[in-house]
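Survey of secondary and tertiary structure
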Amino acid sequence: MSDLEWIYGIHAVENALLQQPERVKEVRFQEGRDDKKTQRLVQLCKTHKVRYSLVARRELDQLFTKTKERVVHQGVVAYTTLTKAGNEADLHSLVAGLDENPLIIILDGVTDPHNLGACLRSADAAGAHAVVMPKDNSAPMNATVSKVACGAAESIPVFAVTNLARTMKKLQDQGVWIFGTAGEATQTIYEQDLTIPTAIVMGAEGEGMRRLTREQCDYLVKLPMAGVVSSLNVSVATGVCLYEVVRQRAVKALA
């Protein structure tokens, strides 16, 4: 199976050309588009010597006829090698090499590529060092993830591991404290010290964390829910948790 895939959208293509232009094999633009964003992408193609062409919109649409969801390509697509997820050994090497307290997001059973892309975007924005997920029962790193992540899929390290509980245990051995999010937890995330080496586990919507994942956590925490809904979308909850870590670490740095 080829690692090459058509990605789409202004931000996804721009970030591919900016961050890893050597992976981009070809860019196609919709005929008749000559706005500033398109001009910038054309210039990036010229700068990095990436082949590009102008084609009819229907030709771009036809690239995604087998896609189950509606694709909004914004008049630009790129044929590129998608970023591969690292493995367990890669993750532990990264953690061992950090000169600051780790901040890691662990996604247990997030199968919607839109949610995965949004989680990657939040993780990148908050300065997380890694996103970890199981090889099975997770959304694949595909064009949809790349589009939603707005470049984060190419910038933040992502690791797909065979045994999530074992990986969590090894992270603990490396000094990382693991906080699992669960609605039945007695403490909120705001009551925990997140300035220490931290990994936050986000479970699948509805089902939450799997049993073995939950049992491997050092602490269970929750987000306070004041309204009638019982939970947040996993990508929203991920953003809230990440920025509580950012807040706590910023306060400590200023103390």
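In the block above lies the structure referred to throughout.
Now for a description of the structure that goes with this document. (Residues numbered from 1 in each chain as written. Predicted model: local features only at pLDDT ≥ 70, side-chain atom pairs only at ≥ 80, totals over all residues. Heavy atoms only, no water.)

**Examining the overall build of the protein**
Which entries qualify depends on this criterion: Every helix listed is a DSSP run of H or I at least four residues long, and every strand listed is a run of E at least two residues long, numbered separately from the N terminus. The size measure is the radius of gyration over C-alpha atoms, and the globule rule it meets is 2.2 Å times the number of residues to the 0.38 power. The classification of residues rests on relative accessible area computed with a 1.4 Å probe and restricted to protein chains. Under 20% of the type maximum is buried, over 50% is exposed, and intermediate values are partly exposed. Contact criterion: two residues are considered in contact whenever any of their non-hydrogen atoms come within 4.5 Å of each other.
Each helix and strand counted, the protein has 10 helices and 11 strands in total. Taking 18 Å as the expected radius of gyration for a compact globule of 255 residues, we find that the protein reaches 20 Å, a close match to that expectation. Dimensions of the protein, computed from the C-alpha atoms along their principal axes, are close to 55 × 40 × 40 Å. Burial analysis of the protein (255 residues in total) assigns 50% to the buried set. Counting only contacts in the protein whose residues sit at least 6 apart along the sequence, the fraction spanning at least 24 positions is 81%.

**Side note on the sheet that holds strand 5 (residues 103-108)**
For the record, the criterion: Only when DSSP finds a minimum of two bridges between them are two strands counted as paired. A fitted line through C-alpha atoms represents every axis, and for helices the fit uses only the stretch in contact; the resulting angles, taken between N-to-C directions, go from 0 to 180 degrees.
The 7 strands are arranged 7-6-5-10-8-11-9 in an open sheet whose pairing can be described as parallel. Edge positions in the open sheet fall to strand 7 (158-161) and strand 9 (187-188), since each of these has one partner strand only. Bridge count for strand 5 against strand 10 (residues 198-203) is 6 bridges, and the pairing is parallel. Across the sheet, the residue bridging to I105 is I200, located in strand 10. Strands strand 5, strand 8 (177-181) and strand 10 of the sheet are contacted by helix 10 (residues 234-254), whose axis makes an angle of about 165 degrees with strand 10.

**Concerning the packing of helix 5 (residues 113-125) against helix 10**
Any two packed helices are characterised by the angle at which their axes cross and by the distance between the axes. Rules: In what follows, roughly perpendicular refers to angles from 65 to 115 degrees, roughly parallel to angles under 35, roughly antiparallel to angles over 145, and oblique to any angle outside these ranges. Crossings are assigned a handedness: left-handed for a near helix turned anticlockwise from the far helix by less than a right angle, right-handed for a clockwise turn.
Taken N-terminus to C-terminus, the directions of helix 5 and helix 10 make an angle of 10 degrees; their axes are 8 Å apart at the nearest point. Between helix 5 and helix 10, the angle falls in the class roughly parallel. Crossing of helix 5 over helix 10 shows right-handed handedness. For the pair formed by helix 5 and helix 10, the contact residues are N115, A118, C119, S122, A123 and A125 on the first element and V234, S235, T238, G239, L242 and Y243 on the second.

**So, the pairing of strand 2 (residues 24-30)**
Where we set the bar: Orienting the strands away from the viewer, one traces the path from the first strand over the helix to the second; a clockwise path indicates a right-handed crossover.
For strand 2, a buried count of 6 out of 7 residues is recorded, marking the element as mostly surrounded by other parts of the structure. Bridge count between strand 2 and strand 4 (residues 76-81): 5 bridges; the pairing is antiparallel. Paired with R28 across the bridge in strand 4 is V77. Bridging between strand 2 and strand 3 (residues 51-55) involves 5 bridges; their strand directions are parallel. Residue pairing for strand 3: Q30 is matched across the bridge by V55. Handedness of the crossover joining strand 2 and strand 3 through helix 2 (residues 36-47) is recorded here as right-handed.

**Side note on helix 10**
To be explicit about the condition: Multiplying 1.5 Å by the helix residue count minus one yields the expected span of that helix.
Taking 1.5 Å of rise per residue, the 21 residues of helix 10 would be expected to cover 30 Å, and the 31 Å separating its terminal C-alpha atoms lies within 8% of that figure. Within helix 10 the residues assigned to the buried category are V234, S235, A237, T238, G239, C241, L242, E244, V245 and Q248. Lining the buried residues of helix 10 we find strand 5, helix 5, strand 8 and strand 10.

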